[in-house]
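Per-entry structural report
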Amino acid sequence: MKNSTNKTSAALRALPWIAPVLVLIAAIVAYPMGLMVWNSTRKISRIGRDKGFVGLDNYAKVLHDPALPRVLANTAIWVIAVVVITIVLSLALANFLNKAFPGRRLVRLAVIIPWAASVVMTTTVVYYSLQPKLGLAQQFLKDIGLTSRTDLGITSQPIPAFLVAIAVAVFVSLPFTTYTLLAGHQAITNDVLEAARVDGASKVRTYFSIILPQLKPALATATTINIINVFNNIPILQVMTGAIPGNSADTTTTLLFKYIRARGHVDWASALSVLNLVLMIVIIGIYLALAKPMKGVED
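The text that follows walks through the structure, step by step, so that each part is easy to find. (Residues numbered from 1 in each chain as written. Predicted model: local features only at pLDDT ≥ 70, side-chain atom pairs only at ≥ 80, totals over all residues. Heavy atoms only, no water.)

When helices and strands are counted, the chain shows 13 helices and two strands. Relative to the 2.2 N^0.38 estimate, which gives 19 Å for 299 residues, the radius of gyration of the chain is 24 Å and therefore markedly larger than a compact globule would have. Classification of the 299 residues of the chain by burial places 38% in the buried group. A sequence separation of at least 24 residues applies to 68% of the contacts in the chain between residues at least 6 apart. For the chain, the accessible area works out to roughly 17600 Å², and carbon and sulfur atoms hold 69% of it. In the chain, 26 side chains carry a positive charge and 12 a negative one; their mean positions are 4 Å apart. (Helix = DSSP H or I, 4+ residues; strand = E, 2+ residues; numbered from the N terminus. Rg over C-alpha atoms; globule rule 2.2 N^0.38 Å. Buried < 20%, exposed > 50% of the residue type's maximum accessible area, 1.4 Å probe, protein only. Contact = heavy atoms within 4.5 Å. Areas by Shrake-Rupley, 256 points an atom, 1.4 Å probe, with all protein chains shown as cover. Lys, Arg positive; Asp, Glu negative; His and termini not counted. Charge placed at Lys NZ, Arg CZ, Asp CG, Glu CD.)

Rendered as structure tokens:
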């Protein structure tokens, strides 16, 4: 009983110090989330007028949208492709940047550049460089002999535009992921690596048996944040595939945007936002349950 009283007293004494954080969380996380759930159960007109409670009707309309199966497939491809390619490339980059070589500091700084630049600006530059006849990338492909044409409609076709969007997303995701994994490398002591060398382990064996398991916490952090960022990403897809008619290149996030912009359904968009949040939490939960990032590290 005394311990419980002491804990309560300590919590009350700490409250003034953590109150600003709690208020900030309530203002920028809890309130918007609550409003999103509220709107998902209302009928809202194009001009934003609330016409009353409709229960789960908005969820039913979203789930019965004919475009949803294709959109969900696109979303799965988008998230898996960007996250997996980013992680694989970042593992290689982090391993390379962890080694001592002349100019390493400059190379490390160069890796940050895609992160420092605006995502919209980067995507826009790529988009216009791929425009038929006028795009620099189209002319470059012709000059090096990969094509004899400069009128390829890459950005006007769903699959090519979607693949380019994946490449851009990987490019802008590499800096954060690489530096997160590089920080994990810094935590590995030389004693462990020296012991592996003394035991006669090859570089490949040392990496997969010693280094990679020690990178699991950093890898889990990078993967989780990448899943969240990529799942919710709209600037890249909106710039690259937003002008393509229909939903053949849409993910759930861009479909949500079209619900608001093209159809004027804030209520449908709110319902899809809630479903997006639930789906993302489930995906991250499954990943963490399977990956067990701290298993073998804390032992």
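Picking up where we left off.
Summed over the entire model, instances satisfying the criterion amount to three salt bridges. A salt bridge links aspartate 50 to arginine 42, with the nearest nitrogen and oxygen atoms 3.0 Å apart. Aspartate 250 is the partner of lysine 258 in a salt bridge, and the nearest nitrogen-oxygen pair spans 2.9 Å. (Salt bridge = Lys/Arg side-chain N within 4 Å of Asp/Glu carboxyl O.)

Here we come to a positive patch on the surface. A contiguous patch of positive charge on the surface is contributed by Lys43, Arg49, Lys51 and Lys61. Within the secondary structure layout, arginine 49 lies in the loop between strand 1 (42-44) and strand 2 (50-53). (Patch = residues over 30% accessible without salt bridge, like charges linked within 9 Å, V, L, I, M, F, W, Y side chains within 5 Å.)

With that settled, the discussion passes to the nonpolar core. Formed by 43 residues in total, the largest nonpolar core has its most connected members in Trp78, Val79, Val82, Leu91, Ile166, Ile236 and Met240. Ranked by residues supplied to this core, first place goes to helix 7 (residues 158-186) with 12 residues. Dropping the residues within four chain positions of it, valine 82 is found in contact with Ile77, Ile166, Ala169, Val170, Ser173 and Val230. Leu68, Leu256, Ala269 and Leu272 belong to the second largest nonpolar core, which has 14 residues in total. (Core = buried A, V, L, I, M, F, W, Y, C linked by side-chain atoms within 4.5 Å.)

With that out of the way, let us pick up a nonpolar patch on the surface. Nonpolar side chains collect at one region of the surface, where Leu12, Leu15, Trp17, Ile18, Val21, Leu22, Leu24, Ile25, Ile28, Val29, Met33 and Val37 lie side by side and expose about 1200 Å² of accessible area between them. Within the secondary structure layout, leucine 24 lies in helix 1 (residues 2-39).

We now examine the side chain of glutamine 131. In this structure, glutamine 131 sits in the loop between helix 5 (119-129) and helix 6 (136-143). The residues touching glutamine 131, leaving out its near neighbours within four places in the chain, are Gln138 and Thr155.

Moving on to the packing of helix 8 (residues 190-198) against helix 9 (residues 203-214). Close contact between helix 8 and helix 9 brings their axes to 11 Å; oriented N to C, the two are set at 145 degrees. For helix 8 against helix 9, the interelement crossing comes out right-handed. Two secondary-structure elements touch here, helix 8 through Val192, Leu193 and Ala196 and helix 9 through Thr206, Ile210 and Ile211. When grouped by side-chain class, the residues that make up the contact of helix 8 with helix 9 number five nonpolar, one polar and no charged. (Axes fitted to C-alpha atoms, helices over the stretch in contact; angles between N-to-C directions. Left-handed = near helix turned anticlockwise from the far one by under 90°. Nonpolar A, V, L, I, M, F, W, Y, C, P; charged D, E, K, R; others polar.)

Taking 1.5 Å of rise per residue, the 26 residues of helix 13 (residues 266-291) would be expected to cover 38 Å, and the 37 Å separating its terminal C-alpha atoms lies within 8% of that figure. Residues Asp267, Trp268, Ala269, Ser270, Ala271, Leu272, Ser273, Val274, Asn276, Met280 and Ile284 constitute the buried set of helix 13. At the C-terminal side of helix 13, lysine 292 shows a positive phi close to 45 degrees. (Expected span 1.5 Å × (residues − 1).)

By themselves these figures say nothing about function.
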